[in-house]
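As a plain string of letters, each chain reads:
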Number of protein chains: 2
Amino acid sequence: MQKKRVTLADVARLAGLSSTAASMILTGKPDTRLSADAHAKVHAAAASLGYRPNVAARALRTDKSRSFALISDYVATTRFASGLIRGALAAAEEAKHVMLVLETGGEPARELQAVEAALDRQVDGLIFAAMRAREVFVPNISANLPVVMLNGTSARFPAAVLPDEYEGGRTAVRLLASTGITSSIVLLGHNPDDEKGLFRSESIARRIAGIRDEMAARGLAFDAELSCWNWEPTHGYDLTKAYLAHGKPQAILCLNDRLAFGAYQALGEARLDIPGDVSLVSFDNDELASYLRPGLTTIGLPHEAMGRRAVEMLLGRQKAGEALIVMPSVIRGSLRMPDATP
Amino acid sequence: MQKKRVTLADVARLAGLSSTAASMILTGKPDTRLSADAHAKVHAAAASLGYRPNVAARALRTDKSRSFALISDYVATTRFASGLIRGALAAAEEAKHVMLVLETGGEPARELQAVEAALDRQVDGLIFAAMRAREVFVPNISANLPVVMLNGTSARFPAAVLPDEYEGGRTAVRLLASTGITSSIVLLGHNPDDEKGLFRSESIARRIAGIRDEMAARGLAFDAELSCWNWEPTHGYDLTKAYLAHGKPQAILCLNDRLAFGAYQALGEARLDIPGDVSLVSFDNDELASYLRPGLTTIGLPHEAMGRRAVEMLLGRQKAGEALIVMPSVIRGSLRMPDATP
DNA sequence: ATCCCCTGCTAAAACCATTTAGCAAATGCC
DNA sequence: GGCATTTGCTAAATGGTTTTAGCAGGGGAT
């Protein structure tokens, strides 16, 4: 009952040629000397039989499998991962590759297992995605397989795709400056004095550096810098509420959208209007940035573009170097228009 | 320089046995008659060489690849997909399988390509995940491969994993009833008169049926039923605001968390206290439900459990039947405590 | 002693595509 | 016409595993 898979030999037989010929023609070898007639016959036969090459057999012979593995610490940390995966899948699909997705929870033992599982399947390249961008532990890879780090870095594997956080930080300040506000500006999420000796991640360090450099370049200074370790809405709320007890900000630069969300809540309770009384700008372009009223202007993390770029690096055999992906400005209603107040 | 992969023949040679023996021992065939001594020698040799079987070669021979494919329409619709993927990955990992993830955007041409790509790789099972749960188009699968629908249904493939929406709907009403509120209850997101002839999805239909049955069973009725097609925050906001112009609700039953989010915004602007003035309950357990103040009580979508269950069905060769996964009640602060008002 | 069965193992085929080496015929060159 | 080269194609080896068929030797039954 079960139709047997059609094999290359079947195609060759139908075309009246050897399987060598069929193989060469179908894989599109450039230097072959087979006749145009042979090409036509083989292609016709393959089409009429609905031939699909057996990937396992091909992989066995060539050690290539037209597949990549994406090994990430967390897939679930949703706001982060799925854009990366989406972009990577799309780029892989365009190159007629397939993506194995593996999750490790950041545990070295599972990382090792994941790498071995991928290697066993003869993947043509490995992407290590880190949801929290920092130096990532990566097990030894025996083969000289292309590896790219996605949203993280590793001393051992110099190819990396990262958001251009430094430029993003500068852009956020530029956006804020475009409102004309020059004083009572609050930074929400970081205070260097409170965080001495702590290290968040390279990405965040660059984001903050960009902010500070652009502030300095414009002769601007923060009225306050409010620190908290986890950038969750509740901390944004608490810090903003506490600040409002003493001062009234004109602008708040939030280090991520969840902090900004908390700030919205506190400002709303204090009956302050956004952007009439207070302007906000933030980072990440989280889903919730579009849900807020008014919409939150934010510097987006270009996840999908990053995912795409990672597989492009794999395909292009670019072995080293950092690819910095530009962070888009997502303009919504949380910044006062410059002409609105003279 | 390049170490060659160690092969089964190497193991056999080191153990002083044939590769047949090595194969049988390492794959753990039950009916073999090889001596305990042989077993020990082969295992020792394999361990000392760090032998890992070549999956391609094995797949070629056996037509099994220890891998599944998860084909979804959208991965990016984040609030939905990543829990499914996470659960599926975890369950696959436990069974020492690997997961190919493919995205189709719901386009039939890409679905077909995805299925073929998966079939070419000799996957041992297919999961079709639908982000919007409805009848799903699925290309013809030639082989008799196990297929399970995840968060969707298909006439052709009767094995499906779905959230138990009916029971979830009833639970939401029970939770609401536990506050003691019996009047001025608003349903946000559906009105049968406004949606005649429209069909959202089977899942949502069950959710609504559960709500209505439990309401009826308790002799409760909605004061108003507000309809909108897309369940986005902005619609929740608009509908709630419009309703507040006429009436004052005691409770709002929201059909998802994003609608509830919009309702929060409108209630906040109207200076109504949650849960003092208005109680809310909702569905999905979106990330943002925990960000709201007070936290939103919601009936969660059990994505991770669903993903796990799908691969368990694949592994167990359960060929048919609907697995209904219970939706957890996530209790936060948006419901008035029953003793708070006598 | 003969026959049969069981134990413990192995040779070789099979899976399917790619690739190397090479063969026969046709063509080019002087 | 004689020789070298090119053209157009194929036989056979290869990759690593599983599996079928079967071999050699020992022991028990007759």
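Above this text sits the structure in question.
All values derive from a computational prediction rather than experimental measurement.

### Things to note about the interface of chain A and chain B
Where interface size is given, it is often the accessible area lost as the parts come together that is meant. Each partner contributes residues to the interface: chain A has 54 residues there, and chain B has 54 residues. Counting the surface chain A buries against chain B, the share from its top three residues, A:Arg121, A:Tyr291 and A:Arg293, is 15%. Our count for the contact surface shared by chain A and chain B stands at ten salt bridges. One salt bridge connects B:Glu93 with A:Arg110, and the closest N-O pair in it is separated by 2.8 Å. The interface formed by chain A and chain B contains 21 residue pairs in polar contact (both at pLDDT 80 or more). Here the side of chain A that touches chain B is built from residues that sort into 24 nonpolar, eleven polar and 19 charged. As paired elements, strand β2 (residues 98-103) of chain A and strand β2 (residues 98-103) of chain B share three bridges and run antiparallel to each other. For A:Leu100, the partnering residue across the bridge sits in β2(B) and is B:Leu100.

### Re the packing of helix α2 (residues 19-26) of chain A against helix α3 (residues 36-49) of chain A
Residue and element names in this part refer to chain A. Viewed as axis vectors pointing N to C, α2 and α3 meet at an angle of 85°, and their least axial separation amounts to 10 Å. Regarding the angle of α2 to α3, the classification is roughly perpendicular. In contact with Ala22, Ile25 and Leu26 of α2, α3 contributes Ala38, His39, Val42, His43 and Ala46. Split by residue class, the contact of α2 with α3 holds six nonpolar, two polar and no charged.

### Describing the sheet that holds strand β9 (residues 279-284) of chain A
Residue and element names in this part refer to chain A. On the basis of which strands lie adjacent, the open sheet formed by six strands has the order β7-β6-β8-β9-β10-β12 and mixed pairing. The outermost strands of the open sheet, each flanked by one partner alone, are β7 (224-227) and β12 (329-330). Pairing between strand β6 (residues 185-189) and strand β8 (residues 251-254): four bridges, direction parallel. Following the sheet pairing, leucine 188 is matched in β8 by cysteine 254. Helix-sheet contacts for helix α7 (residues 165-177) involve β6, β8, β9, β10 (297-300) and β12, and the interaxial angle to β9 is about 165°. Its contacts with the sheet put helix α10 (residues 257-269) on β6, β8, β9 and β10, and the angle it makes with β9 is roughly 155°.

### A short note on the protein's contact with DNA strand C
Taken together, 24 residues lie around DNA strand C, and A:Thr7, A:Leu8, A:Arg58, A:Arg61 and B:Ser35 are the ones closest in. Interatomic distance of 2.7 Å between a side-chain N/O atom of A:Thr7 and a phosphate oxygen of DNA strand C. In the environment of DNA strand C, a phosphate oxygen lies 2.6 Å from a nitrogen or oxygen atom belonging to the side chain of A:Arg58. If you list the elements that add at least two residues to the surface near DNA strand C, you get α2 and α4 (55-62) of chain A together with α2 (19-26) and α4 (55-62) of chain B. No other element matches α4(A), which puts four residues into the surface near DNA strand C. In terms of residue class, the surface near DNA strand C is made up of ten nonpolar, nine polar and five charged.

### What to know about unusual backbone geometry
The step from A:Ile274 to A:Pro275 runs through a cis peptide bond, and the omega angle for that step is 0°. Examined against the element boundaries, A:Pro275 turns out to sit in the loop between α10 and β9. The phi dihedral of B:Gln122 is positive, around 60°, even though this residue is not glycine. Inspection of the secondary structure puts B:Gln122 in the loop between α6 (108-120) and β3 (126-129).

### Describing the packing of aromatic side chains
With the rule as written, the count across this model stands at three aromatic pairs over all chains. Where A:Phe261 meets B:Tyr291, the ring centres are 6.1 Å apart and the plane angle is 70°; that geometry is what we call edge-to-face. One end of the pair, A:Phe261, is in helix α10; the other, B:Tyr291, is in the loop between β9 (279-284) and β10 (297-300), on a second chain. Summarising the burial analysis for this pair, A:Phe261 and B:Tyr291 share the class buried. Members of the aromatic cluster, joined through ring pairs, are A:Phe261, A:Tyr291, B:Phe261 and B:Tyr291. Across from the ring centre of B:Tyr237, 3.5 Å away, lies the NZ or CZ of A:Arg293, which sits over that ring.

What counts and what doesn't
- Residues numbered from 1 in each chain as written.
- Chains lettered and ligands numbered in written order.
- Predicted model: local features only at pLDDT ≥ 70, side-chain atom pairs only at ≥ 80, totals over all residues.
- Heavy atoms only, no water.
- Contact = heavy atoms within 4.5 Å.
- Buried area = accessible area lost by both parts, 1.4 Å probe.
- Salt bridge = Lys/Arg side-chain N within 4 Å of Asp/Glu carboxyl O.
- Polar contact = N/O pair within 3.5 Å; in protein donor to acceptor, adjacent residues only side chain to side chain.
- Nonpolar A, V, L, I, M, F, W, Y, C, P; charged D, E, K, R; others polar.
- Pairing = 2+ DSSP bridges.
- Helix = DSSP H or I, 4+ residues; strand = E, 2+ residues; numbered from the N terminus.
- Axes fitted to C-alpha atoms, helices over the stretch in contact; angles between N-to-C directions.
- Parallel < 35°, antiparallel > 145°, perpendicular 65-115°, else oblique.
- Near = heavy atom within 4 Å.
- Phe/Tyr/Trp six-rings, centres within 6.5 Å; stacked < 30°, edge-to-face > 60°.
- Buried < 20%, exposed > 50% of the residue type's maximum accessible area, 1.4 Å probe, protein only.
- Lys NZ or Arg CZ within 6 Å of the ring centre and 35° of its normal.

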